[in-house]
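Take a look at the letters that make up each chain.
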Amino acid sequence: MRSQSEGRPSEARSRLLDTATRLFYAEGIHAVGIDRIVAEAQVTRATLYRHFPGKEDLVLAYLNDVDRAMRSQADEVVAAGLPPAATVRALGKSIAQGIQSPGFRGCAFLNAAAEFPHPESPVRKTVLAHRQWFLETVTELLTKIRQTGAEPAARHFVMMRDGAMAAGCLFDPALICETFLRGVERLLQVHAATDGIGPAGPEDAVNAPAR
């Protein structure tokens, strides 16, 4: 007879991951020790190590959970079936909403990268894999608007997003989001434009006159 709980995450594992996620994001990964996670999750060390052999495994599980949430968010935006430019705008608005949410403390992946600088670190590789997915997602959306110059434009979008995420927890988040969304709109205008000479580069989004 199959157990009712078979295939479901362990309650203790879920508590450990939820606790680690809250603490890692709010206070930093290196600043939070295993003893505190165990105490706040109300489990034993043996239980923790049964689910996560080491702290790094817990950190990777935390980042993978954030990655899944962000992919799901992007999938919802794309699944709405809006025209390509409107989809990019909607993606920008979803990022802005996150920046203005309570407890926002920047990008979990950029924060983790700052704490794990070694290029061979599994944590850093997880960060880079996430960022590559995001770049490819934005590139695909911009390609549907105009294939030429889509990847440089996507890199520009990602840089604007990184800047907004970093500044959003330091300054007025509403003002930061207004600036970010204005930048997204201008990027879309420049990317969609054709002049018969060549592709519009990311620098044109800064130098082109406003309409």
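Refer to the structure above for everything that follows.
Residues numbered from 1 in each chain as written. Predicted model: local features only at pLDDT ≥ 70, side-chain atom pairs only at ≥ 80, totals over all residues. Heavy atoms only, no water.

Taken as a whole, the largest pocket holds about 460 Å³ of empty space. For the largest pocket, the lining is made up of 20 residues, of which Tyr25, Val66, Met70, Gly106 and Met165 are closest to its centre. When contributions to the lining of the largest pocket are tallied by element, the ones reaching two or more residues are α1 (11-27), α4 (55-79), α5 (84-99) and α8 (150-167). Per-element tally for the lining of the largest pocket: the top contributor is α4, with six residues. Considering only residue class, the lining of the largest pocket consists of 12 nonpolar, six polar and two charged. (1 Å grid on protein atoms, 1.4 Å probe; cavity = no way out; pocket = protein on both sides within 12 Å on 5 of 7 lines; lining within 4 Å. Points joined across faces, edges and corners; volume = space filled by probe spheres on them. Helix = DSSP H or I, 4+ residues; strand = E, 2+ residues; numbered from the N terminus. Nonpolar A, V, L, I, M, F, W, Y, C, P; charged D, E, K, R; others polar.)

Counting across every chain of the model gives four aromatic pairs. Each ring, one from Phe157 and one from Phe180, has its centre 6.0 Å from the other, and the planes form 70 degrees; the classification is edge-to-face. With Phe157 in helix α8 and Phe180 in helix α9 (residues 173-192), this residue pair connects regions lying 23 residues apart in the sequence. For Phe157, a relative accessible area of 0% corresponds to the buried category. (Phe/Tyr/Trp six-rings, centres within 6.5 Å; stacked < 30°, edge-to-face > 60°. Buried < 20%, exposed > 50% of the residue type's maximum accessible area, 1.4 Å probe, protein only.)

This next bit is on the pattern of salt bridges. By the definition in use, this model includes 13 salt bridges. For Glu40, the salt bridge goes to Arg36, with nearest N and O atoms at 2.9 Å. Of this pair, Glu40 and Arg36 both sit in helix α2 (residues 34-41), four residues apart, roughly one helical turn. Of the residues examined, Glu40 reaches a relative accessible area of 35% and is grouped as partly exposed. One salt bridge connects Glu151 with Arg155, and the closest N-O pair in it is separated by 3.5 Å. With Glu151 and Arg155 both in helix α8 and four residues apart, the pair spans about one turn of that helix. Exposure remark for Glu151: the relative accessible area of 44% places this residue in the partly exposed category. What emerges from the salt-bridge pattern is a single network uniting Arg22, Glu27, Arg36 and Glu40. (Salt bridge = Lys/Arg side-chain N within 4 Å of Asp/Glu carboxyl O.)

Let us look at the nonpolar core. In terms of nonpolar packing, the biggest core is built from 61 residues, with Phe24, Ile37, Tyr62, Leu91 and Phe157 touching the most fellow members. Listed by contribution, the elements that provide at least two residues to this core are α1, α2, α4, α5, α6 (108-115), α7 (122-145), α8 and α9. (Core = buried A, V, L, I, M, F, W, Y, C linked by side-chain atoms within 4.5 Å.)

In this structure, Asp162 sits in helix α8. Look past the residues within four positions of Asp162 in its chain and what remains in contact with it is Leu110 and Arg131. (Contact = heavy atoms within 4.5 Å.)

Following the sequence through the fold, Ser94 ends up in helix α5. Owing to a relative accessible area of 9%, Ser94 belongs among the buried residues under this scheme. Only 2.7 Å separates the side chain of Ser94 from the backbone oxygen of Leu91, close enough to count as a polar contact. (Polar contact = N/O pair within 3.5 Å; in protein donor to acceptor, adjacent residues only side chain to side chain.)

The next thing to look at is the packing of α5 against α8. Two elements in contact, α5 and α8, have axes separated by 10 Å at closest approach and are oriented at 15 degrees. As summarised for this structure, α5 and α8 are arranged roughly parallel, according to the angle between their axes. Judged by the sense of rotation from one axis to the other, the crossing of α5 with α8 is right-handed. The segment α5 lies against α8, with Val88, Leu91, Gly92, Ile95 and Ile99 engaging Phe157, Arg161, Ala164 and Met165. Considered class by class, the residues forming the contact of α5 with α8 number seven nonpolar, one polar and one charged. (Axes fitted to C-alpha atoms, helices over the stretch in contact; angles between N-to-C directions. Parallel < 35°, antiparallel > 145°, perpendicular 65-115°, else oblique. Left-handed = near helix turned anticlockwise from the far one by under 90°.)

A separate point is the environment of Val123. Inspection of the secondary structure puts Val123 in helix α7. It is 9.2 Å that separates the C-alpha atoms of Val123 and Asp57, two residues lying 66 residues apart in sequence. Aside from chain neighbours lying at most four places away, what touches Val123 is Glu56, Val59, Leu60, Leu63, Ala112 and Phe116.

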